[in-house]
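Each chain is listed here by its residues.
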Amino acid sequence: MNKRIVSMALAIILALIPCLLALAADDSTVTITVLTDKYVEITLEPTEWNIGDVEPNTECPTNPTWCTITNNGNCVVDIYIKGEDAGWVDGGYTWKLSSTENNSKGVYALWYHIAGDKADSYTPITEAPTVMKHIKPNGDDGGPLTLIGNGVQKKFGLKLLTPLPDTETGHFWGGREMKTTITISAVAA
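Residues numbered from 1 in each chain as written. Predicted model: local features only at pLDDT ≥ 70, side-chain atom pairs only at ≥ 80, totals over all residues. Heavy atoms only, no water.

Student: Explain the overall build of the protein chain to me, please; I cannot follow it from the model alone.
Tutor: What the protein chain contains, in helices and strands, is 1 helix and 15 strands. Residue burial in the protein chain is summarised as follows: out of 189 residues, 30% are buried. Counting only carbon and sulfur atoms, one obtains 56% of the accessible surface of the protein chain, whose full area is about 12,200 Å². (Helix = DSSP H or I, 4+ residues; strand = E, 2+ residues; numbered from the N terminus. Buried < 20%, exposed > 50% of the residue type's maximum accessible area, 1.4 Å probe, protein only. Areas by Shrake-Rupley, 256 points an atom, 1.4 Å probe, with all protein chains shown as cover.)

See the structure below:
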């Protein structure tokens, strides 16, 4: 009877060994590295425009060659631009970004101009990302701003039109620092 118990216990132990090995198993991961032949990278210089004090209903332009955008990637890219509402740094109120070229009470406008395009050809910047476009010297659409290959650069300028005066609602009081962000992005063409 003792042999029978030992044999039975040995059979149970042998049956449990595969289960114990499975419970002791270690998880592993597989890392897959994929190399692409194209990558997108751009830089801007400068990245800040400190205008200083402004008056209501006033245009504030930069030089048309104020900012340089550089393609640091290895592929052809189209350049996109978008703006946003301007907010008082200390909080409290905003200037809405115009969806047209017009300003009004509490609404300001932004434009860009690509260096070398038709003189004074400014294109509105809106909250929706839009491809930056050239304006030919004759005024025709020159197509998207495309930067071909690593190291290719293009210069552009900006223009801001401040809101109309509005002392009733306080949307244009002196001494307030307003701040906004313009986003420039690149997409492989």
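Student: Would you explain the side chain of Lys159 in this entry?
Tutor: Here Lys159 lies in strand S13 (residues 153-161). Every residue in contact with Lys159, bar those within four places of it in the chain, is listed here: Trp49, Glu59, Cys60, Pro61, Ala109, Leu110, Trp111 and Tyr122. (Contact = heavy atoms within 4.5 Å.)

Student: What's the story with the pattern of salt bridges in this structure? I'm lost.
Tutor: Note that side chains of opposite charge can pair when their charged atoms are close. Evaluation of the coordinates by the stated rule reveals 4 salt bridges. Asp85 is the partner of Lys96 in a salt bridge, and the nearest nitrogen-oxygen pair spans 3.8 Å. Taken together, the positions of Lys96 in strand S6 (residues 94-97) and Asp85 in the loop between strand S4 (77-82) and strand S5 (86-88) put the pair 11 residues apart, joining distant regions of the chain. We classify Lys96 as partly exposed; its relative accessible area is 38%. With its nearest N and O atoms 3.1 Å apart, the salt bridge here joins Glu127 to Lys96. With a gap of 31 residues between them, Glu127 in the loop between strand S8 (123-124) and strand S9 (130-131) and Lys96 in strand S6 connect regions that are remote in the sequence. Classification of Glu127 as partly exposed rests on a relative accessible area of 39%. (Salt bridge = Lys/Arg side-chain N within 4 Å of Asp/Glu carboxyl O.)

Student: Sorry if this is basic, but what is going on with the packing of aromatic side chains here?
Tutor: We describe a pair of aromatic rings using the distance from one ring centre to the other and the angle between the two ring planes. Under the counting rule described, the total for this entry stands at 3 aromatic pairs. Arranged with centres 5.9 Å apart and planes meeting at 50 degrees, the rings of Trp49 and Trp66 form a pair that is tilted. Residue Trp49 is located in the loop between strand S1 (42-45) and strand S2 (59-61), and its partner Trp66 is located in the loop between S2 and strand S3 (67-71); the two are separated by 17 residues in the primary sequence. By relative accessible area, Trp49 is classed as partly exposed at 26%. A relative accessible area of 23% places Trp66 in the partly exposed class. (Phe/Tyr/Trp six-rings, centres within 6.5 Å; stacked < 30°, edge-to-face > 60°.)

Student: So what exactly am I meant to see when it comes to the nonpolar core here?
Tutor: Soluble globular proteins: nonpolar side chains tend toward being buried together. By size, the foremost hydrophobic cluster in this structure holds 26 residues, and its most contacted members are Ile79, Trp95, Tyr108, Tyr112, Met132, Phe156 and Ile184. For this core, the elements supplying multiple residues, two or more each, are S3, S4, S6, strand S7 (107-114), S13 and strand S15 (183-188). Tallying contributions element by element places S7 first for this core, with 4 residues. Once you skip the residues sitting within four places of it in the chain, Met132 turns out to touch Ile79, Tyr80, Ile81, Tyr112, Ile114, Gly143, Pro144, Leu145, Phe156 and Ile184. (Core = buried A, V, L, I, M, F, W, Y, C linked by side-chain atoms within 4.5 Å.)

Student: Would you take a moment to explain the environment of Glu177 for this structure?
Tutor: Relative to the elements of secondary structure, Glu177 occurs in the loop between S13 and strand S14 (178-179). For Glu177 and Asp53, which are 124 residues apart along the polypeptide, the C-alpha to C-alpha distance reads 8.6 Å. When sequence neighbours within four positions are dropped, the list of residues in contact with Glu177 reads Gly87, Trp88 and Val89.

Student: What is the right way to look at the pairing of S7 in this model?
Tutor: Along a regular strand, successive side chains alternate from one face of the sheet to the other. Most of S7 sits inside the fold, with 8 of its 8 residues counted as buried. Neither face of S7 is open: one carries Val107, Ala109, Trp111 and His113, the other Tyr108, Leu110, Tyr112 and Ile114, and all of them are buried. One ladder, built from 2 bridges, connects S6 with S7; its direction is parallel. Residue pairing in the sheet places Lys96 in a bridge with Val107 of S7. (Pairing = 2+ DSSP bridges.)

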